[in-house]
Amino acid sequence: MSYSFDTLKLHAGYDPKDHNHAVSVPIYQTTAYTLETVKRSDDLFYFDSSDALYTRLSNPTSDALEARLIALHKGATGAVSLASGMAAVTYALLNVTAGSGRILATARSYGGSVDSLEQVFSEFGVKYDLVEDPDDVSSFEKSIREDTKVIFIESISNPNATILDIEEIARVAHKHNIPLIVDNTIATPYLLNPFDFGADVVVYSATKGLSGHGNVVAGAIVENNKFDWNNGKFPQFSGKPYFLRSQQQKLRSYQEVFPETPFTGRIRSIYLNYLGACIAPFSAYLVILGIETLSERIAKQVSNAEKIVEFLETRPEVLWVKHPHAKGSRYAALAKKYFPKGAGAILSFGLKGDANTRRKFLEAVKVFSLQANIGDAKSLIINPSVTTHIELNPKLQKAADILPETIRLSVGLEDANDLIEDLKQSFDVAFHEK
Ligand SMILES: *Cc1c(COP(=O)(O)O)cnc(C)c1O
């Protein structure tokens, strides 16, 4: 019996019968688990059992979240949930590079992800390149060098909601025997399953739309075990570290120990184990709870966002509107292919005037909330160039198309007319009040 997305998001990966018949996924607030017998202890310590051993490595609450994420991505074989989206991005990129080579990314990705390439990966022996024109697939191909190990992109970018041709970019990656990692945070699995279009690994900030209520920081990595890690470029997966040996003391590789989940298995056994960004059981519970209403929330948020795009297009105070639903958007065709249910609830627009106009506008909103977050059930607003993207130098801001006049909206679940009225009265305050 194969259930559809909306059923799986409520039930997959959790059977009450295995948890004292608890209807709601229990929060296993425990550090460790009794070993009971030497046999059970050996099985746990030699990776012959997937039961929980110590909560830094796994926990029944985060296990349920991971199983649910696997179910929500057709084709997925493994997942690991983490303490934050940044942990998901960095662990995935550390795992694929393993101390050498280059990451090929775009300047449009999340500001923290782009800046981590400069600030963190350089210290781990890993270099990076940024694609000159992400809208041109040949630009990816041109930037691949001998030692490039991965292409890393976002399925919908923030704040300008640009869309990349994932399937074509995956083709370029695979032609060069490297994987494609897609940050699918803004789309969420409700709008897009990147595995359908050739992605090899999908990462999330579960802080955003997945949990959806602005009350938790969390992340996740999902794999589909399609990529050939034995092609010569990724010896880290066939290496046989001492700690992976069998009970018979035979050395084994990650692929031997985790045949279905070599990517997330390796992440769990070294990065999660030794760098330690484990998800708290309560955080995992909040993400599970959020996912129960994922489709309903995202569908209404997308519908609200599209109404706001149409409203902003009529306003004389607005220089431009960026969202695939906006008139004349260059992403309309890609949106039709990849996002038939809508291209998300993040959009940006240019506000006429100067920094003072922007200050008055941002301070005038009453329903929208001025804050550095996205994907909340409540509507959010911010001016990215001096806040969320402040870590990007002027050259990178330009490459990411972050302009001083850019205002970003993350549209929530309120009544669309109230949101539109709120923007209207804020335009009035910004442009007509002394
Ligand atoms: C927020 C975000 C991140 C980082 O996630 P945290 O949970 O804040 O660590 C990574 N990628 C994208 C696209 C994001 O929006």
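Scoring rules and cut-offs
- Residues numbered from 1 in each chain as written.
- Predicted model: local features only at pLDDT ≥ 70, side-chain atom pairs only at ≥ 80, totals over all residues.
- Heavy atoms only, no water.
- UniProt positions renumbered as here; feature names shortened; annotations may be inferred.
- Helix = DSSP H or I, 4+ residues; strand = E, 2+ residues; numbered from the N terminus.
- Contact = heavy atoms within 4.5 Å.
- Phe/Tyr/Trp six-rings, centres within 6.5 Å; stacked < 30°, edge-to-face > 60°.
- Buried < 20%, exposed > 50% of the residue type's maximum accessible area, 1.4 Å probe, protein only.
- Salt bridge = Lys/Arg side-chain N within 4 Å of Asp/Glu carboxyl O.
- Pairing = 2+ DSSP bridges.
- Axes fitted to C-alpha atoms, helices over the stretch in contact; angles between N-to-C directions.
- Near = heavy atom within 4 Å.
- Polar contact = N/O pair within 3.5 Å; in protein donor to acceptor, adjacent residues only side chain to side chain.
- Areas by Shrake-Rupley, 256 points an atom, 1.4 Å probe, with all protein chains shown as cover.
- Nonpolar A, V, L, I, M, F, W, Y, C, P; charged D, E, K, R; others polar.

The chain goes by O-acetylhomoserine (Thiol)-lyase in an unreviewed UniProt entry, where it is assigned to Hallerella porci. UniProt annotates the chain under Sequence similarities (unreviewed entry) with the comment "Belongs to the trans-sulfuration enzymes family." Recorded under Cofactor (unreviewed entry), the UniProt text for the chain is reproduced unchanged: "pyridoxal 5'-phosphate".

For the rest of this paragraph, the subject is the environment of Ile-166. In this fold, Ile-166 is placed in helix H7 (residues 166-175). Taking the C-alpha atoms as reference points, Ile-166 and Val-89, separated by 77 residues in sequence, lie 18 Å from one another. Not counting chain neighbours up to four residues away, the residues in contact with Ile-166 comprise Ile-153, Ser-155, Leu-180, Val-182, Leu-192, Phe-197 and Tyr-338.

This part covers the side chain of Ser-139. Within the fold, Ser-139 resides in helix H6 (residues 137-143). Not counting the four nearest positions on each side in its chain, Ser-139 is found in contact with Val-131, Glu-132 and Asp-133.

With that settled, the discussion passes to the packing of aromatic side chains. The final tally for this structure, using the stated rule, is 17 aromatic pairs. When the ring of Trp-229 is compared with that of Phe-237, the centres are 4.6 Å apart and the planes differ by 35°; the resulting orientation is tilted. Here the two residues Trp-229 and Phe-237 agree in accessibility, since each one is buried. When the centroid spacing of 6.3 Å and the interplanar angle of 65° are considered together, the rings of Phe-349 and Phe-427 count as edge-to-face. Of the two residues, Phe-349 sits in strand E9 (residues 346-351) while Phe-427 sits in helix H16 (residues 416-432), which places them 78 residues apart along the sequence.

Evaluation of the coordinates by the stated rule reveals 21 salt bridges. A salt bridge links Asp-51 to Arg-40, with the nearest nitrogen and oxygen atoms 3.1 Å apart. In this pair, Asp-51 sits in the loop between helix H2 (38-45) and helix H3 (60-72) while Arg-40 sits in helix H2, placing the two residues eleven residues apart along the sequence. Classification of Asp-51 as partly exposed rests on a relative accessible area of 46%. Close ionic contact of Glu-256 with Lys-250 constitutes a salt bridge, the shortest N to O distance being 3.8 Å. Judged by relative accessible area, which is 49%, Lys-250 ranks as partly exposed. Taken together, the salt bridges that share partners define one network made up of Arg-102, Asp-129 and Arg-145.

With that settled, the discussion passes to the sheet that holds strand E1 (residues 78-82). Strands sit in the order E1-E7-E6-E5-E4-E2-E3 across an open sheet of seven strands; the sheet is mixed. Each edge of the open sheet carries a strand with a single partner, namely E1 and strand E3 (127-130). Looking at each pair of strands side by side, their axes are set apart by 20° on average, direction ignored. Relative to strand E5 (residues 180-183), strand E4 (residues 148-154) runs parallel, the two being bridged by four bridges. Bridging across to E5, Ile-151 finds its partner in Leu-180. Against the sheet, H3 touches E1 and strand E7 (219-223), its axis set at about 135° to E1.

Near the ligand there are 13 residues, and of these Gly-85, Asp-183, Ser-205, Thr-207 and Lys-208 occur at the shortest range. Ser-205 has a polar side-chain atom sitting 2.8 Å from an oxygen atom of the ligand. Here an oxygen atom of the ligand and a side-chain polar atom of Lys-208 are 2.7 Å apart. Expressed as a share of its isolated accessible area of 380 Å², the protein-covered part of the ligand is 93%. Taken together, the residues of the shell around the ligand sort by class into five nonpolar, five polar and three charged.

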